[in-house]
2 protein chains.
Amino acid sequence: MTPAMFRQACRQGLYREQSSGQCLGYTQANLVILPESEAYDFLLFAQRNRKACPILEVTDVGSRKLSVFATDIDIARDCPQYRVYRNGRLVDSPYEVSSIWQSDFVTFLIGCSFSFESALLENGIEIRHITLKKNVPMYTTNIKTTPAGQFHGNVVVSMRPIPAKQIAQTIAITEQLPQVHGMPIQVGQPESLGITDLSKPDFGDSVPIYNGEIPVFWACGVTPQAVVMQSKLPLVITHAPGHMLMTDILDTELTKVLGE
Amino acid sequence: MTPAMFRQACRQGLYREQSSGQCLGYTQANLVILPESEAYDFLLFAQRNRKACPILEVTDVGSRKLSVFATDIDIARDCPQYRVYRNGRLVDSPYEVSSIWQSDFVTFLIGCSFSFESALLENGIEIRHITLKKNVPMYTTNIKTTPAGQFHGNVVVSMRPIPAKQIAQTIAITEQLPQVHGMPIQVGQPESLGITDLSKPDFGDSVPIYNGEIPVFWACGVTPQAVVMQSKLPLVITHAPGHMLMTDILDTELTKVLGE
């Protein structure tokens, strides 16, 4: 299935599942949709916290199209599932948002760790939550983001257990992908991030850490969502966790496409 | 001289020269100062054209201070020289801009190729315009920037002649510094960039290309300035070319400081 076919299936209500493992090798993106009045502060927040919020593309005001990451696309209908937040509260998880679309909406596409996971798998590094068909475990840390306007909050990290002898390789691979959170922010010390119990993630599922493995922590694309929710804006739309927007850009093309 | 002493000397009117070669190893920055009403479009322009416009820091509205790149600083007085553009026309080149400072100003610090030049010199790669005590030659290309709001125009490149056998090393070094334009956008084909005569740069000085050398082209920090001037905004302030803002951050710290 091509990314365009995948989006078409979403648009027609034929695909409503998580997108993990679909259209392998193509970049999937986090979505944040908010009114123009908040767009500058959010873009500045992303700029100041790029490791957690690597921006892939920003639409023009009101547009449901993209210029770079996809051509045949309707942002309001092409995610498998959305979430609607009003005043910071989750009020709906619809399959399309065209009925509540506003002409002042701006859409932000944010890099997703699915991209580096496929690079790790290709290099023989197991991704535990994929093996176990679970969501990646995510934790709110004690690391504060750099605020911008009303947007502030703590960095959320994702965790993957990696065998000690593969950690250097893991870092080398993810360092090459700064557009999708890049290299880990920390290796092996959950307590210094303020994480007291790895078996109780704040988001996603817990996964076992086997003998000889070290927990490795990456800045996570849930950070901007958590921050946006916390801001209690009248209306914000995001993708539903794991139900990402599929793009036409290969993970291996990201550096070229983003001109970095 | 420390960066803080350098800025103090500018503030007191004791230093008004170009900043090239001062406080070696410290990051110098391009400055663009414009009203809040234009800040979103400019930040979006930078986001869409990061190779030419690598943002280092953005101030809060009205602030003459920085949080990351310097502590003891007054943005309105600490550049060796400024330029003032009204309606797209250069109207003044003052040594301080506190008298025309507006409470709605936002300041953008943008990466400067001075940073990668010191890295190249340290690795035994000659920088011709430094050897000859000239300005780097810069050319307007036929490559269009990706527009945002009223900001649009063509990419400006800087050119350095590099011996053929040092080109791979030059690329490897600058690739490591995406915060200061990163690796070249092109090697050895000025005509395909729309540059017809290397001896007639659009900005800066021409430099000789010796036998065995190839012209190498980098996206240039003059791009955002050229674009902002072209936009004919009522009031924009920049640094005067070559008279950069000196920061407290070492070039070698950029990756860490920007969290990339």
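Residues numbered from 1 in each chain as written. Chains lettered and ligands numbered in written order. Predicted model: local features only at pLDDT ≥ 70, side-chain atom pairs only at ≥ 80, totals over all residues. Heavy atoms only, no water.

Take the sheet that holds strand β7 (residues 154-163) of chain B next. All names here are of chain B. As summarised here, the arrangement of the 4 strands in space is β6-β7-β9-β8, forming an open sheet in which the pairing is antiparallel. With one partner strand each, in any of the chains shown, β6 (138-144) and β8 (186-187) form the two edges of the open sheet. Pairing analysis gives 2 bridges linking β8 to strand β9 (residues 213-219), with the strands arranged antiparallel. The residue bridging Gln186 from the neighbouring strand is Phe217, located in β9. Set on the sheet, helix α5 (residues 167-175) makes contact with β7, β8 and β9; between it and β9 the angle comes to about 15 degrees. The sheet contacts of helix α6 (residues 222-230) involve β6 and β7, and relative to β7 the element is tilted by about 155 degrees. (Pairing = 2+ DSSP bridges. Helix = DSSP H or I, 4+ residues; strand = E, 2+ residues; numbered from the N terminus. Contact = heavy atoms within 4.5 Å. Axes fitted to C-alpha atoms, helices over the stretch in contact; angles between N-to-C directions.)

Attention shifts here to the pairing of strand β10 (residues 236-239) of chain A. Successive side chains on a regular strand alternate, one facing one side of the sheet and the next facing the other. All names here are of chain A. Sheet analysis places strand β1 (residues 26-35) next to β10, joined by 2 bridges and oriented antiparallel. Note that in β10 the partner of Ile33 across the bridge is Ile237. Of the pairings in the sheet, the one linking strand β3 (residues 82-86) to β10 comprises 4 bridges and is antiparallel in character. Across the sheet, residue Tyr82 finds its bridge partner in β10, namely His239.

The interface of chain A with chain B comprises 19 residues on the first partner and 19 residues on the second. Linking chain A with chain B are 2 salt bridges. Where the side of chain A that touches chain B is concerned, the elements lending two or more residues are α2 (36-48), β2 (55-58) and β5 (105-110) of chain A. Examining the composition of the side of chain A that touches chain B, we find that 6 residues originate from one element, α2(A), more than from any other. (Salt bridge = Lys/Arg side-chain N within 4 Å of Asp/Glu carboxyl O.)

Axis angle and axis distance: for two packed helices, these are the angle between their axes and the distance between the axes, and together they describe the pair. Viewed as axis vectors pointing N to C, α2(A) and helix α2 (residues 36-48) of chain B meet at an angle of 40 degrees, and their least axial separation amounts to 9 Å. One element, α2(A), and the other, α2(B), form an angle in the oblique class. Helix-helix and strand crossings are classified by hand; for α2(A) and α2(B) the assignment is left-handed. Listed contacts from α2(B) to A:Ala39, A:Tyr40, A:Leu43, A:Leu44 and A:Gln47 of α2(A) are B:Ala39, B:Tyr40, B:Leu43, B:Leu44 and B:Gln47. (Parallel < 35°, antiparallel > 145°, perpendicular 65-115°, else oblique. Left-handed = near helix turned anticlockwise from the far one by under 90°.)

This brings us to the relation of the copies chain A and chain B. Under the fitted operation, chain A is carried onto chain B by 0.0 Å of movement along the axis and a turn of 180 degrees, and the coordinates agree to an RMSD of 0.0 Å. Expressed as a symmetry operation, the mapping of one chain copy onto the other fits a two-fold axis. Within chain A, the C-alpha atom positioned nearest to the axis of rotation is that of A:Tyr40, 2.4 Å from it. Both copies present the same face, since 100% of the interface residues in chain A are matched by interface residues at the equivalent positions in chain B. (Least-squares fit on C-alpha atoms with pLDDT ≥ 70 in both.)

Counting 48 residues, the largest nonpolar core has A:Leu34, A:Tyr40, A:Phe108, B:Leu34, B:Tyr40 and B:Phe108 as the members making the most contacts within it. Residues within four places of A:Phe108 in sequence aside, it is in contact with A:Asn30, A:Leu31, A:Val32, A:Leu34, A:Ala39, A:Phe42, A:Leu43, A:Ile55, A:Glu57, A:Val58 and B:Tyr40. (Core = buried A, V, L, I, M, F, W, Y, C linked by side-chain atoms within 4.5 Å. Buried < 20%, exposed > 50% of the residue type's maximum accessible area, 1.4 Å probe, protein only.)

What the rule picks out here adds up to 20 salt bridges over all chains. Several salt bridges converge on common partners, so that one network encompasses A:Arg11, A:Asp72 and A:Asp78.

It is worth spelling out the confidence of the model for chain A at this point. Across chain A, pLDDT averages 93, with 100% of residues at or above 70. Two numbers describe this predicted complex: its pTM, 0.86, and its ipTM, 0.79. (pLDDT = per-residue confidence, 0-100.)

Residue and element names in this part refer to chain B. Residue Lys133 is not a glycine yet carries a positive backbone phi of 55 degrees. Of note, Lys133 is situated in the loop between α4 (128-131) and β6. Phi angles above zero are rare outside glycine, and His181 is one such case at about 80 degrees. Within the secondary structure layout, His181 lies in the loop between α5 and β8.

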